[in-house]
Every structure is written in C-alpha cells, then in structure tokens.
Amino acid sequence: MTKHDCATFQNVIKGLQQTVEDQYNLRDENEKLKNTIQTLEEKWKINEKEHENMVDKLITEIKTKEKEHSHKQDKLHSDMNKQLKSNMEEHKKLMERKDLEILELTKQLKDQEKEKQNEIIKLQIEFNTKLERMQTKTLNVQTNPTGLPQNIYRKKLQHLQEEKNKEIEFLRNIIKDLEEKLDIRKDCYFKLRKF
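Residues numbered from 1 in each chain as written. Predicted model: local features only at pLDDT ≥ 70, side-chain atom pairs only at ≥ 80, totals over all residues. Heavy atoms only, no water.

J.: Would you mind going over the overall build of the protein with me for this structure?
T.: Helix and strand counts for the protein stand at 2 helices and 0 strands. Taking as baseline every contact in the protein between residues at least 6 positions apart, the subset at least 24 positions apart corresponds to 82%. If you sum the accessible surface of the protein, you get close to 17700 Å²; carbon and sulfur atoms cover 55% of it. (Helix = DSSP H or I, 4+ residues; strand = E, 2+ residues; numbered from the N terminus. Contact = heavy atoms within 4.5 Å. Areas by Shrake-Rupley, 256 points an atom, 1.4 Å probe, with all protein chains shown as cover.)

Here is the structure:
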C-alpha cells in the first residue's frame, strides 16, 4: 500500500468518524428537540385544560347570575302586582266612600231644596194674604162714606200704600235671598257631582 493510499484511507476514516460524530450530535439534538416538544405539548395541554376550566367556571357564573336576575325580576313583578292590587282596592274603597258622601249630600240638598221651596210657598201665601189685606184696607178707605175731609183719606191711603209697598219690597227681598241660596246650593251639588 502506498503512502498515497494510506493518506486517502485515513481521510476516508476521518470522514466516516466525522459523519458518525455528526450523527451522534444530531441524534442528541433531535432527542433534546423531542423532549422540548413533549414538554411544550404537556404545557399546552395543561393550559388548554385550565382554559376549559375557566370557561366552564364563567358559564356556571353566568347561569347563576341569570337565575338570580330572573328571580329578582319575578319578585319585583310580583311585588308590583301586589302593590297595584292594593292601590286599586284602596282606590275602590275611596270611590265607594265618595259615592256614599255624594249620595248623602244629594239627599241633604234635596231635603234643603224641599224646605226652601216650602218656605218660599209659605212666604208667597203670606205675601198674597198681606197684599189682599192691604188691598181690602185700601178699598175700605176709598169707599168709606164718612164726612172726613178728603185730605185725611188721601194721607191714610198714601200711608197704607207706603206700608204695602214696604211690605211687598221686604217679602220680595226675602224671596230673592232664598232663591239665591237655593241656586248656590244647586251649584255646589253640581260641582260635587262633577267631582
């Protein structure tokens, strides 16, 4: 074997040794990469599990909150219905009381109206009676055949007419006052009915 062949052979051996060494190095690096990938996969699985747990927890919380909210809404709705019912019953009772009051006031007003009408009729009768008496007195004075001077008759007649006019005016004022009072009461009654 020549020197040249030996050198070539040594170079081939060195090349093979380098190749083997490189393969060992690559194998080690590959093993490290596999371990790193496995570690990362495990971490990823752990993170994924944690994420799923977090999502489940949030979903549970949301459902709980929804139930609480629904319960609160139902309670509020129920309370409002109870309050409304109570207010309606109270309003109904109040209206019934007001209706009774109005009926009572109407009855009182009718009774008062009857009284006033009776009073007006009584005063009209009284007025007519007094007027008739005055007219009779006046007629008697005018037809009196005594020999008294005309002056005295005139004075008496004038006096009687003045009295009669005063009495008539007085009775008219009373009737007018009573009619005004009656009108005022009627107005009050209509205002109450409107209420």
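The rest of the description comes next.
J.: Help me understand a negative patch on the surface, please; the structure alone is not making it clear to me.
T.: Together, Asp 177, Glu 179, Glu 180 and Asp 183 give the surface a local cluster of negative charge. On the secondary structure map, Asp 177 appears in helix H2 (residues 150–194). (Patch = residues over 30% accessible without salt bridge, like charges linked within 9 Å, V, L, I, M, F, W, Y side chains within 5 Å. Salt bridge = Lys/Arg side-chain N within 4 Å of Asp/Glu carboxyl O. Lys, Arg positive; Asp, Glu negative; His and termini not counted. Charge placed at Lys NZ, Arg CZ, Asp CG, Glu CD.)

J.: Would you take a moment to explain a nonpolar patch on the surface for this structure?
T.: The grouping of Met 54, Leu 58 and Ile 62 at the surface amounts to a nonpolar patch, some 290 Å² of accessible area in total. Positionally, Ile 62 belongs in helix H1 (residues 3–143). Taking relative accessible area as the criterion, Ile 62 reaches 48% and is therefore assigned partly exposed. (Buried < 20%, exposed > 50% of the residue type's maximum accessible area, 1.4 Å probe, protein only.)

J.: Got a minute to help me understand the nonpolar core in this structure?
T.: Soluble globular proteins tend to pack their nonpolar side chains together in the buried interior. Membership of the largest hydrophobic core is limited to 6 residues, which are Ile 120, Leu 123, Phe 127, Ile 168, Leu 171 and Leu 178. Secondary structure elements with two or more residues in this core: H1 and H2. (Core = buried A, V, L, I, M, F, W, Y, C linked by side-chain atoms within 4.5 Å.)

J.: What's the story with the pattern of salt bridges in this structure? I'm lost.
T.: Between side chains of opposite charge, a pair can form as their charged atoms come close. Inspection of the entire model under this criterion finds 3 salt bridges. For the salt bridge of Asp 79 with Lys 75, the shortest nitrogen-to-oxygen distance reads 3.2 Å. With Asp 79 and Lys 75 both in helix H1 and 4 residues apart, the pair spans about one turn of that helix. Given a relative accessible area of 48%, Lys 75 falls into the partly exposed group. A salt bridge links Lys 107 to Asp 111, with the nearest nitrogen and oxygen atoms 3.5 Å apart. Here Lys 107 and its partner Asp 111 are both found in helix H1, 4 residues apart, which amounts to about one turn of the helix. Taking the relative accessible area as the measure of exposure, Asp 111 reaches 33% and is therefore partly exposed.

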